[in-house]
Amino acid sequence: MSISYKGYNSGTITCEAGEGLAVGYPVKINDSDKAVPAGNGDTFIGICTAVRGDWASVQVSGYAEIPYSGNISILSHLALVADASHKVKEAGVSDVQTYYKTLKLDSAKRVIGIIL
């Protein structure tokens, strides 16, 4: 039997959606106060959970699962940033670093579970 962390302390905000945003993408807020996909090496405020017309729902707290790229070998506090393919990756030395608690690492499905 496995445990699910989904729903833990989950909080979302509603933002105007910028161009190219889709469900599951790491999100940042641009200079026009719109939610947009975080670019390669960008920090992110949350994960897009819905897009309807000009509006997006962004999960900014709680437990979230998101695809990752590169190599992640441990569960702990990891510095994560967005990558070029709308996944997350471990931050490089020159990246601005935001740390996340990681609770799940599914290397077969390439999904990481984090507390935002």
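Everything here concerns the structure above.
Because the structure is a prediction, the values reported are computed rather than measured.

Definitions and cut-offs
Residues numbered from 1 in each chain as written. Predicted model: local features only at pLDDT ≥ 70, side-chain atom pairs only at ≥ 80, totals over all residues. Heavy atoms only, no water. Pairing = 2+ DSSP bridges. Helix = DSSP H or I, 4+ residues; strand = E, 2+ residues; numbered from the N terminus. Axes fitted to C-alpha atoms, helices over the stretch in contact; angles between N-to-C directions. Buried < 20%, exposed > 50% of the residue type's maximum accessible area, 1.4 Å probe, protein only. Contact = heavy atoms within 4.5 Å. 1 Å grid on protein atoms, 1.4 Å probe; cavity = no way out; pocket = protein on both sides within 12 Å on 5 of 7 lines; lining within 4 Å. Points joined across faces, edges and corners; volume = space filled by probe spheres on them. Nonpolar A, V, L, I, M, F, W, Y, C, P; charged D, E, K, R; others polar.

Asks: How should the pairing of strand β2 (residues 26-29) be read in this particular structure?
Replies: Consecutive side chains of a regular strand alternate in pointing toward one face of the sheet and then the other. Sheet topology places β2 next to strand β4 (residues 46-52); two bridges connect them, and they run antiparallel. Each residue of the ladder has a partner; that of Pro26, found in β4, is Ile47. Note that β2 and strand β3 (residues 34-37) share three bridges and pair antiparallel. Paired with Ile29 across the two strands is Ala35, which belongs to β3.

Asks: I keep staring at the sheet that holds β3 and nothing clicks. Help me out?
Replies: Backbone-to-backbone hydrogen bonds join strands into a sheet, with any given pair of strands oriented parallel or antiparallel. Within the closed barrel, the five strands sit side by side as β1-β3-β2-β4-β5. Their pairing is mixed. Adjacent strand axes in the sheet meet at a mean angle of 55°, parallel and antiparallel pairs treated alike.

Asks: Hey, could you run me through the environment of Ile29 in this one?
Replies: Tracing the chain through its elements places Ile29 in strand β2. Classification of Ile29 by relative accessible area gives partly exposed; the value is 35%. Each C-alpha atom, one on Ile29 and one on Gly62, is 19 Å from the other, the two residues being 33 residues apart in sequence. Leaving out residues up to four positions away in the same chain, Ile29 has contacts with Cys15, Lys34, Ala35 and Ile45.

Asks: Would you explain the layout of surface pockets in this entry?
Replies: Take a probe with the size of a water molecule and roll it over the atoms, and the empty space left behind shows itself. Quantified by volume, the largest pocket comes out at close to 160 Å³. Around the largest pocket sit Lys6, Gly7, Ser10, Gly24, Ile47, Thr49, Gln59, Tyr63, Ala64, Glu65, Ile66 and Pro67, which together line it. Among the elements of the structure, β4 and β6 (63-67) are those that each provide at least two residues to the lining of the largest pocket. The element best represented in the lining of the largest pocket is β6, accounting for five residues. For the lining of the largest pocket, the per-class residue count stands at five nonpolar, five polar and two charged.

Asks: How do you make sense of the sheet that holds strand β10 (residues 111-115) when you look at a structure like this?
Replies: In space, the five strands of this open sheet follow the order β6-β10-β9-β7-β8, with antiparallel pairing throughout. The open sheet has two edge strands with one neighbour each: β6 and β8 (88-90). Averaged over all neighbouring strand pairs, the angle between strand axes comes to 50°, with direction disregarded. Two elements, strand β7 (residues 77-82) and strand β9 (residues 98-106), share four bridges in a ladder whose sense is antiparallel. Across the sheet, the residue bridging to Leu78 is Tyr100, located in β9.

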